[in-house]
Structures are given as structure tokens and as C-alpha cells.
Amino acid sequence: MIGGLFIYNHKGEVLISRVYRDDIGRNAVDAFRVNVIHARQQVRSPVTNIARTSFFHVKRSNIWLAAVTKQNVNAAMVFEFLYKMCDVMTAYFGKISEENIKNNFVLIYELLDEILDFGYPQNSETGALKTFITQQGIKGQVSKTKEQSQITSQVTGQIGWRREGIKYRRNELFLDVLESVNLLMSPQGQVLSAHVSGRVVMKSYLSGMPECKFGMNDKIVIDKQGKGGASDDAGKSDLGGGSGKQSIAIDDCTFHQCVRLSKFDSERSISFIPPDGEYELMRYRTTKDIILPFRVIPLVREVGRTKLEVKVVIKSNFKPSLLAQKIEVRIPTPLNTSGVQVICMKGKAKYKASENAIVWKIKRMAGMKESQISAEIELLPTNDKKKWARPPISMNFEVPFAPSGLKVRYLKVFESKLNYSDHDVIKWVRYIGRSGIYETRC
Amino acid sequence: MPYLGGEETVRELRRALSNPNVQSDQLRYRNTILKVIRAMSQGVDMSGLFSEMVKACATVDVVQKKLVYVFLCSYAALNPELSLLVINTLRKDCQDPNPMVRSLALRNMTNLRLPSLVEYVEQPLAAGLRDRAACVRRVAVLGWAKLHNLQASSEIDAAVVNELYSLLRDPDPVVMVNCLRALEEILKDEGGVAINKPITHHLLNRLKECDIWGQCQVLRVLQRYRPQSEDELFDILSLLDASLVSPHPPIMAATLSLFLSLCSGQPAVSLAALERVRGPLLAACGSGSREMRFTALCHIQLLLRSIPGLMGAHYKRFFCGYAEPAYIKQRKMQVLVELVNDENVAMLLDELKGYCTDVNAETAQAAITAIGRIGRSYSDRCLEILTGLLGLKQDHITSAVVQTMRDLVWVCPQCSDTVCFALEGCEETLQDSQGRQALLWLLGVYGERVSSAPYTLEVFIDGVRSEASLGVKMELLTATMRLFLCRPAETQDMLGRLLHYCIEEETDMCVRDQALLYYRLLHCGIEETRKVLQGRRSDPSLGVLIGRPAEPVSQWARSFNTLEPLRQGSIETESVSRGSPEHTMFDPKPNADLSNTLDCSRIEKVHSECVRCPTIPRCSPQSLQAAMQLVNIQTLAFTPPQTLPWRVYLYTHTCLDDAPHSTLILGELLYTGEEPQKAEVHKGSADGGVGAEGIEDDM
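Residues numbered from 1 in each chain as written. Chains lettered and ligands numbered in written order. Predicted model: local features only at pLDDT ≥ 70, side-chain atom pairs only at ≥ 80, totals over all residues. Heavy atoms only, no water.

Q: Residues and numbers for the overall build of chain B, please.
A: The secondary structure content of chain B amounts to 34 helices and 5 strands. Burial status across chain B gives 54% buried among its 699 residues. Taking all contacts inside chain B whose residues are at least 6 apart in sequence as the whole, residues at least 24 apart take part in 65%. (Helix = DSSP H or I, 4+ residues; strand = E, 2+ residues; numbered from the N terminus. Buried < 20%, exposed > 50% of the residue type's maximum accessible area, 1.4 Å probe, protein only. Contact = heavy atoms within 4.5 Å.)

Q: So, the overall build of chain A: which residues are in play, and what are the values?
A: A count of helices and strands for chain A gives 9 helices and 23 strands. Summarising the internal contacts of chain A: among those between residues at least 6 apart in sequence, 71% fall at separations of at least 24. In the structure as shown, chain A presents an accessible area of about 20200 Å², 49% of it carried by carbon and sulfur atoms. (Areas by Shrake-Rupley, 256 points an atom, 1.4 Å probe, with all protein chains shown as cover.)

Q: Any details on the interface of chain A and chain B? Residues and values, ideally.
A: Contact residues are listed per partner, giving 78 residues for chain A and 75 residues for chain B. When the area that chain A buries against chain B is broken down by residue, the three leading residues are Asn72, Phe118 and Gln122 of chain A, summing to 9%. Counting the contacts that link chain A with chain B gives 9 salt bridges. Where chain A touches chain B, the interface holds 19 residue pairs in polar contact (both at pLDDT 80 or more). Classifying every residue of the side of chain A that touches chain B gives 34 nonpolar, 21 polar and 23 charged. (Buried area = accessible area lost by both parts, 1.4 Å probe. Salt bridge = Lys/Arg side-chain N within 4 Å of Asp/Glu carboxyl O. Polar contact = N/O pair within 3.5 Å; in protein donor to acceptor, adjacent residues only side chain to side chain. Nonpolar A, V, L, I, M, F, W, Y, C, P; charged D, E, K, R; others polar.)

Q: Give me the nonpolar core: which residues, what numbers.
A: Of all hydrophobic cores here, the largest spans 253 residues; its most connected members are Phe56 of chain A together with Met46, Phe71, Leu72 and Phe318 of chain B. With 14 residues, helix 2 (residues 75-93) of chain A is the single largest residue contributor to this core. Not counting residues up to four positions away in its chain, the partners in contact with Phe71 of chain B are Val36, Ile37, Met40, Met46, Leu49, Phe50 and Met53 of chain B. (Core = buried A, V, L, I, M, F, W, Y, C linked by side-chain atoms within 4.5 Å.)

Q: Describe the pattern of salt bridges, with residues and values.
A: Counted under the stated rule, the structure contains 52 salt bridges over all chains. With a closest N to O distance of 3.4 Å, Arg107 of chain B and Asp113 of chain A form a salt bridge. Taken together, the positions of Arg107 of chain B in helix 7 (residues 99-111) and Asp113 of chain A in helix 4 (residues 105-115) put the pair across two chains. Each member of the pair, Arg107 of chain B together with Asp113 of chain A, is buried. The residue Arg276 of chain B makes a salt bridge to Asp241 of chain B at a minimum N-O spacing of 2.7 Å. Taken together, the positions of Arg276 of chain B in helix 16 (residues 267-285) and Asp241 of chain B in helix 14 (residues 230-244) put the pair 35 residues apart, joining distant regions of the chain. For Arg276 of chain B, a relative accessible area of 39% translates into the label partly exposed. Each member of the salt-bridge network shares a partner with another, and the members are Arg18, Glu110, Asp113 and Glu114 of chain A together with Lys66 and Arg107 of chain B.

Q: Outline the sheet that holds strand 17 (residues 337-344) of chain A, supporting the account with residue identities and numerical values.
A: Pairing between sheet strands relies on hydrogen bonds along the backbone, with the strands arranged either parallel or antiparallel. All names here are of chain A. One open sheet holds the 4 strands; their spatial order is 14-15-20-17, and the pairing between them is antiparallel. Here the strands that pair on one side only, and so sit at the sheet edges, are strand 14 (294-303) and strand 17. Within the sheet, the average angular offset between the axes of one strand and its neighbour, ignoring direction, is 15°. Where strand 15 (residues 307-316) lies against strand 20 (residues 370-379), 9 bridges are found, and the strand directions are antiparallel. By the bridge assignment, Val310 is partnered in strand 20 with Ala375. (Pairing = 2+ DSSP bridges. Axes fitted to C-alpha atoms, helices over the stretch in contact; angles between N-to-C directions.)

Q: Hey, could you go over the packing of helix 26 (residues 470-486) of chain B against helix 28 (residues 509-523) of chain B for me, with residue numbers and the actual values?
A: All names here are of chain B. One can describe the packing of helix 26 onto helix 28 by two numbers: an axis separation of 9 Å at closest approach and a directional angle of 10°. Accordingly, the angle class assigned to the pair helix 26 and helix 28 is roughly parallel. In this structure, helix 26 meets helix 28 at a crossing whose hand is right-handed. Residues Leu470, Lys473, Met474, Leu477, Thr478, Met481 and Phe484 of helix 26 form the contact with helix 28, whose participating residues are Cys510, Val511, Gln514, Ala515, Tyr518 and Leu522. (Parallel < 35°, antiparallel > 145°, perpendicular 65-115°, else oblique. Left-handed = near helix turned anticlockwise from the far one by under 90°.)

Q: Explain the environment of Leu516 of chain B to me, and be specific about the residues and the numbers.
A: Summarising the element assignment, Leu516 of chain B is placed in helix 28. Among the residues examined, Leu516 of chain B registers a relative accessible area of 15% and is labelled buried.

Q: Break down the side chain of Arg487 of chain B for me, with residues and values.
A: Residue and element names in this part refer to chain B. Inspection of the secondary structure puts Arg487 in the loop between helix 26 and helix 27 (488-504). Its relative accessible area of 14% is what places Arg487 among the buried residues. There is a polar contact of 2.7 Å between the side chain of Arg487 and the backbone oxygen of Gly447.

Q: I'd like a rundown of the sheet that holds strand 1 (residues 4-8) of chain A, residues and numbers included.
A: Residues and elements named next belong to chain A. The 5 strands are arranged 2-1-5-4-3 in an open sheet whose pairing can be described as antiparallel. Looking at strand neighbours, the two that pair on one side only are strand 2 (14-19) and strand 3 (47-50), the edges of this open sheet. Here the average twist between neighbouring strands, direction ignored, is 20°. With 5 bridges joining them, strand 1 and strand 5 (residues 63-69) adopt antiparallel strand pairing. When the bridges of strand 5 are listed, Ile7 appears paired with Leu65.

Q: A description of the packing of aromatic side chains should follow, citing residues and the corresponding values.
A: Residues and elements named next belong to chain A. One pass over the full model with this rule turns up 22 aromatic pairs over all chains. Ring centres of Phe32 and Phe55 lie 5.4 Å apart, and the angle between their planes is 25°; this geometry places the pair in the stacked category. In this pair, Phe32 is assigned in helix 1 (residues 27-37) and Phe55 in strand 4 (residues 53-60), connecting sequence segments 23 residues apart. Residue classification places Phe32 among the buried positions, given a relative accessible area of 0%. Take Phe55: its relative accessible area is 1%, and that puts it in the buried class. Members of the aromatic cluster, each reached through a chain of ring pairs, are Phe6, Tyr8, Phe32, Phe55 and Trp64. (Phe/Tyr/Trp six-rings, centres within 6.5 Å; stacked < 30°, edge-to-face > 60°.)

Q: Describe helix 26 of chain B, with residues and values.
A: Residue and element names in this part refer to chain B. Compared with an ideal rise of 1.5 Å per residue, which puts 17 residues at 24 Å, helix 26 spans 25 Å between its outermost C-alpha atoms and is within 8% of the ideal. Most of helix 26 sits out of view: 14 of its 17 residues are buried. N-cap assignment for helix 26: the residue whose side-chain oxygen lies 3.3 Å from the backbone N of Gly471 is Ser469. (Expected span 1.5 Å × (residues − 1).)

Q: Outline the state of the cysteines, listing residues and values.
A: Structurally, a disulfide amounts to a covalent bond that connects the sulfur atoms of two cysteines. Residue and element names in this part refer to chain B. Under the defined criterion, the tally for this structure stands at 0 disulfides over all chains. A disulfide-free cysteine, Cys285 has its sulfur positioned 9.4 Å from the sulfur of Cys298, the nearest such atom. Cys285 gets classed as buried once you look at its relative accessible area, which sits at 4%. Cys412 takes part in no disulfide bond, and the closest cysteine sulfur to it belongs to Cys415, at a distance of 4.6 Å. (Disulfide = S-S within 2.5 Å.)

Q: Tell me about a positive patch on the surface, residues and numbers included.
A: All names here are of chain A. A cluster of basic side chains, namely Lys348, Lys350, Lys361, Lys363 and Arg364, defines a positive patch on the protein surface. Counting only elements with at least two residues in the positive patch, the list comes to strand 18 (348-352) and strand 19 (357-366). With 3 residues, the single largest contributor to the positive patch is strand 19. Checked against the element boundaries, Lys363 lands in strand 19. Lys363 sits in the exposed class, given a relative accessible area of 69%. (Patch = residues over 30% accessible without salt bridge, like charges linked within 9 Å, V, L, I, M, F, W, Y side chains within 5 Å. Lys, Arg positive; Asp, Glu negative; His and termini not counted. Charge placed at Lys NZ, Arg CZ, Asp CG, Glu CD.)

Below, the structure written as C-alpha cells:
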């Protein structure tokens, strides 16, 4: 399976190298550096074949992670594994950067030892891994000695992601619905593609072995209940509030290992015994009826050969009581721009020559508002006949609701052995919608 | 890698490690070891510290143990004798009450990879299989696989194999999956784990318990199972239905792969399964991570070979995002070309047109090629776009457009008028040799319809002295000859100059010999020349895009969910750069690729014979070679040019995508050079499939 794992920095220096199988020679490390990292041209493919050895790589900021194998493996699985590896490392020491990797290299070796054995993925759940790992990431703070002595109960138990005997004075639950909305819109305002990829991230601090049940306004469930005539709490818990949409159609979703999939398949209810601490309960994607928080209306006019007039209007499309934050509109300018005059009604706009773009920032904006920027771009006359490719206008923002329309209906906690009930648990729910790739062509 | 202060650091660390003060202070000792590991991972050679580190291994501190093991495992191979000392400590650790220590010791014992230590390792490994802690059993099971890998020749005890089989029923799912993995490796020669009915049903029932990796492994192993009855087959299929639409791409792909192998006898069921995975596959195509998107796209391409209409309605999902990497964009375009139909063609072409001006030249060229492919069925619309692109006067775009037009004309002769009209004036913007070669080919073949053809050629001929590209010179020769045949009056003078230059001054043998060949050909008379040079202008039989028959699923089912689909496309992009269309239809792929796919056992020697060619025009071996390359006969090896008899080994092959087997023809050519010149051709034709095919010798 996976013959070795290498981590390089952007210069191609090896930060971590771990070889699991003998068929991967020492020169494999250099082969990848020479052929991929130091190659002049752009990366041709995430899978590179050098001398009958396949290198799968992913890049995180400027760190290259490469998995090497000589066998004809399942490509999707190797990539999935690399992602998982990144997740685990992030959980231990935060962002994957050269600095962090150098500071935590012993931890990484230890992780690599546990996650893969002889090239076969073994245990990749951050929670369960914690009991095996002696080192602490620079993020870590809890002493591990006590946990290690309890390992016997953990390794024999069926539940790999939670150990027994956890106690909290205050039982608390934090639930974040984090969504990123992606859009590609034509200049005429036609939606070419739009989808929301969302995550439900939970932090649970619960005692014992609680059983949780999570409900949301999934269309299939609501429709089923509607037939049964008991759809009373569907509209009640209006915690977010983009629009009055009752239910949403989820295209596909994945769950944390702890969720009982059989129950989800049969009755579409999400029930689970949660891991302790932070974890991602589910990941989903929707493509239908997305609330697009902003519309960008671009107007580009070429006045002669040396002047461009750009007017961009953004409209916020959500409840007036809500506030969007960290709005940033990025209007690309041609390479031969010599000067830019910008007028905007709100926020601050600046021409950044190094990025070839006008960056317009607005701190806050309420719903159902409209704002406009107009700019005059002066161009240097060039003999380059190359037409300006007109890259799309991109946008960043953060809104306090879920653009997919997802709403949490309930989250119930049952613990039969200890004496606390659902009402005693303090629950916090938060919705954050962020922009993914939010582009409008102009 | 050279790092500063290597020697110095080693000496300093050795001093610290053997200092009793440091050894007594646990924290200081651990920190020193940490420094050793850090230096090691930076590439400094630390093997000199091996004996000190072996001593540090005997400790109760788990952290220190782990650190030392990391060191030992990387340098054990260099110090087999000293490693023997570690074994004792490791064996002691295997008795430790803490299961983590036991598993750690066991794992590192097997990771030392020293054949000399095998005898010491076997006993703790056997005990490990019966350990009560699951994490120890996990390690022990894989340990046997490592042991087998270490000495592939020696047989693993049958009792151990039996024990591994019984551990398939272990309560811990990871132990179960590890057993599968270990047995697969140990029993590789016998074809892997025995997959019978009870094992299959047991594995299927426990599939849900496993994590992603385990499920993938189980699904892969199960591919070997053949259900005994139809009822059983459908029971299995309905059990696996949930994993087929699993949101995890690896599981979905592995399940589909299993479906296809189980239903190999029932095409209808396989097709239904393909329909079922459409949703999850499309979802994977839109996933946040680009590598997964790429993998999904490659697999969709496979699926489309059998059900071209599978994604028809979802063509918008394959539109490229601005910031996507070039490799994804190119794949998406390849998929888009497959999805084109009467309803979406306008929208699709509009989108592709947008990509033609991409900043990345390769992406732009791929977009233009894609438009050219669509042009085979919608030629008018596409030609309009292509001619429009010429107006941009950008060299990489013009080059790609001219190449695309050349390929298009070869398949759709009806386009030739528009193409001939568009060619005027684009020679000024063409820079690269590929584009100019294409232009020359077009001018040669359609010279009579392009009024400015002689003038364009003249510019080329005037500049031939400074021409660097071999291909362009050869193409120029052929084009001028062809043009001479249809417009002799205008071309005669420049042809003379060109031949004179090539024969008298040119230093490259290939060009010179080709010129000589043409010169002698002209001596044989104009009719002879016409016969040789004016071959076919087009080959409409290559087929339009839409009517292409769907391949049976079994064509590609074996390569599904492996690395193959990811590799295929990269070959396609390379073959974008090429010579004339006559050559490309044989699709000459690089040699290395051939050796990958060839399996000697499957080649049967169909026939070999010896042909004598009594009359051969007097010419040099090089020109023969050049002439043969024109008809896609490649040289494998040849004797030095001056020797007599001169021998050359030749091969040619067909690699048509839709043919079930490709034909490889090997030949030996013997050039005796004796008075009545004789050339012998031994033909050995090896064929994987149907029947023998001879070759026509153009000599």
C-alpha cells in the first residue's frame, strides 16, 4: 500500500521522511523533489509517476505532503488518507506550516508510526490517537499520564473514539454550523453554478457515555413528518433566519465515524455517542435553493484603448436585521494599469498594484442594502495585442446565517447511567456562512 | 544533504549521551535524544551514535523509548550486530503489563528489518497474536506480513497462517482487516486469501464496523469472490447498496469496482450500478479538495466510455472555475467534449471559447483542441470560433488553432474550404515549430486552394538557413514537393533552391537524405512522384464523435479504481504535440509506455516469414530509415551506418483505443549491399488477438 510518506518545504528540503516498505528506496525522496517541486512548469497532475513509483501529493500552504507507492493502489483512498493526515496534524498543532512541522517533528514521527503500519492505515481518529501519543502538540495542554493508564479499557472497547469515565462539572455542548457558499455567475446575472459545502462542528463536554440525537430541517424528514401530521417544530426554532424556507434538500453528506449510519439510512435520524472535545459531526453539500447573500453587478466599459470604466454594485440579500462582516470585493485590473481613481459610497477601496486588483473592503453591511463602487482605470498603451482575459470579480464575506437554509431543530442528550438529563446540558448554537469561491464574471 | 557542523554535532551529542550526569537526569537525557533525532531528520548522519542509543533504550520512560526506537529503526540496517543488543530489551518490553509498551516493542522489533533477527522475533510475535489487548494483536498480525516480506523465500508456518485465518473473527475490526492484509501478502503466490462463502459473508456482515481504510481493503479483497447462485449475488448487491452511494469517494469507488467484478456476467446490472453512482461521483467532482476532484473526473471519463449520455444533463458541473489548476481544467474539457449534444452545444462552445484565452498556454491549447474535437460533429460553429481566435494574433493560440484545423480537416474534408480561407496571413504570428509544421502540411495538401501558398513557402525557404527545427525542414520539403505537383510554374524555382540547399549545405542527415530521395524521385518522372506524394487527404472513417458505439463495461472495469485512469489523460496531453495527421492516427505512444502494457505471456507469435526485395533504389540506410518513419515504422536498433551487411530491427504497432487487442509487428531488415542489391525482411508478427496482419513494405 503506501510505501512511504515525505513532507517537504517549498524549497524541496525534506522535513519529514518515513519509509514503511523496503521497495521504496532512499532516492525516492530526491526523485520527487527533482521532478515535481523543482520542475519549472506548473504541476501537471497530483499523481506523478517516476521510475515506476507513484507519488501522490497534496499541498498545504507551501508544504508538500507526498505519499509514495509502487503498487497500483486506489487513488481516491490515498488522497483521502493524506487529507486525514492533514486533519490529524492540524488537530494536534494547528496550521500546517514549516515552522510548526519543525517544532513538532517528534510528534509527527510518532503519529506516522500509529497511523500507518507497514503502509496500511490503522487508526486515524484524533480522539482515539490521543491515548497512544506521548508528545503534545504546541496546542496541547492536558497531561496524558492519567489517560495512558486507562488504555486497557479503551483498546478493548468497541467505541474507538471515546474513552470511559469522563466527568465534567458543567455539561456543555457547542454546535457550529459552518458553511462556505460557492458561486459562479455570468455577467448577465445568471447563476452558472452554485453550491454550499457545510460542516457541523461540535465541541462536547459531556460526562459519561451520552447518547445524542441531532435533528435538522432535512427535507426528507420534514416531508415524512408532514405526512404524519406532526410538523410543529419545523418553523419554530428560527435561530438563523436567512429566509422563511422550511426545509432543505441535502445532496450528499458524510458523518463522523460515531454516527450510526444504519439508523440514518433507515429513518434518517442522526444519533451518536459523541467523542470528547472538538470534532466534525457531519459534512454536507447542497445545490438547490441556495440563499446567495450577495449579488455582484459588474459593469465594465472600455473607453478607447487607454481607459476602462468599472462600476460594481453589490446587493445584500438577507434579513435587514442581520449584519454581514468582513466584506471584501476584489476587482481585477489589467496588467498595464497606470493609475486608478476609485469612488465608493461605503467602506474603503484601494488599488493594489502588486495584486493587480482594486480591493474594496467594507466592515459591516446590513441585509437588503446596496452599495456601489466606481473606478476609472487608466491604461498604459502597449503594443501587446493580447486581449485582457478579464478574470472574474471575487468576493469574501461572513454572514451570521447558513446560506443553505439549514437549521438545527434539536440536539438531545440522553445519559441513562449518570443523573443528568437533556435540560441540564447547556447548548450553544451558532451559524456562520463564509464565502468559498464566490465569483462573478465581468 | 550536506549540513554544516555534522561531525562536530555528533561528537558533542556522544559526549552528552555518555555523561552519567545527563543519564541520571531523565529530562536532560530525553532532551539530548531529542536533539539526536532532530539532527537525524535534517539529514545528518547519526549512525555513529548507535551504541549510545542502544543503551538509552533500556528505560521505563515511554517517551524516551519511542524516540530511541525512531532512531534505531532508521539505522539498524547499518549495524546488524549492535542491533542484537536491542532485541533483549524489546523482548522484555513484550512482557510489559502496559499494552501500549507491548505493541510499541512488537512493532519496532518488526520494523528493524534485519533478517538475522527473525528467529528472535517469531516467538513474541506468536504470543502477540493471542494478546488480550487489541492494539497488540493489530501490530502482531501485520508483523507476520513484515517478516514474510523480509524473507520471501522461507515459508511461514502453516500454523501461523491458520491462526491468522481464525483471527478474521476477531472482535476488533482493525485486527480483522489487518489479518486480510497480512494474508494477502503472505499467500501472494497462492493468489491471496482464500475467499470462500463463509469468509465472504462474515466480511460483508462486519463491513459497517470498519473505518474507511478497512472497508476499502475488504471490498478490494472481495472482488475475487464468485457468488454461487444468482440469489446470493443479488443478496450481496443489495447489502452493498448503501456503500455504493457512500459519500466517501474511496468507498464508493471500491464498491462500484466490486459491483462490476461481481456482475461481469450481467451487463444490465452493471449499467444500473453506474447510473446509481452518478450522484456520488458528481458530488466528488465538486468536492473541496482538488486532488479528489481530479480523481473523480478521471473515473468519470472511464464511465463515459460505456454510457456516453450518463452525465449529459449535468454538463454545467464540468465548467471550469477560474482558479482551478490546469490539470483539472484539461480533464474537465475532455469530459465536456464527450457530453456535447444538440441542446447544449451552443452553451458548451461558448464556455470553451472563454477558456481559449486562459493565461496558462497549455489550458488554452487544450480548449482549442476540445473545440476541434467538437468540430468533428458541429463543424460550422466550431470553425467560426476557431477562425475568430486567429484574429487575436497570439502565437500560442494561432499555433493551436492551426494544428486543430489540420486534424479537423483530416477527419472532415468538408471543412477544407473554410480552413484554406482562414490560413491566409497566419504565418506571421506562428512561432513554434509544431504550429508551423501544421501550417506547412496544410499548405502542401491544399496548396491549390490557398492562393498565397507559394509566397508563404517562399518565406520559409528563404529562411531555411536559420531554421532550427528538424521537423519543420522535413515538412517544408514535403510541402514544397506537393505544391510543386499542383502549381509547378510558381514553385519550380524555389523547389530547386530548397533541394540545392538541403543536399549541398544541410548538415542534418535526415533532411539531406529526404531531399536526395525527392530529388531522385523527380528523376523517375512526374507520374511516379505523384503516386508517392499524393496520398489520401483525409480519413473520414475515423468516425464522428456522436455515433461512437458504447464500449462494454468489461473493457475498463479492471482498471477502475486504480491508478490507470489517472495516467491515461497525461499521455493524451502529450500527444497534442505531434507531426502530420497521417502519423498521428497510428497514435505513436512513447516506448516506455509500451513496455508497461505489454505482457509477454499474452503475445503469441503469429507468424514469421522472410521476404526478399530484389529491387531497391540505391539509397543510404538513413534515408530508408527516414522514409520508414514516415509510415510509422520505428527503429529499435541498428548497426553502425558504414558496416555491411547493415542490419536494422524495426517495429510498428497499432494502438487503436477501440480495438480489443493491439498488434505489434517486429521485423529485421538485412541490407547486404551486394551487387544485385538485396534486402531481406524477416517479419515476425506478434498479435494478441484476432489474426495475423501483414505489413506493406513501402521500400
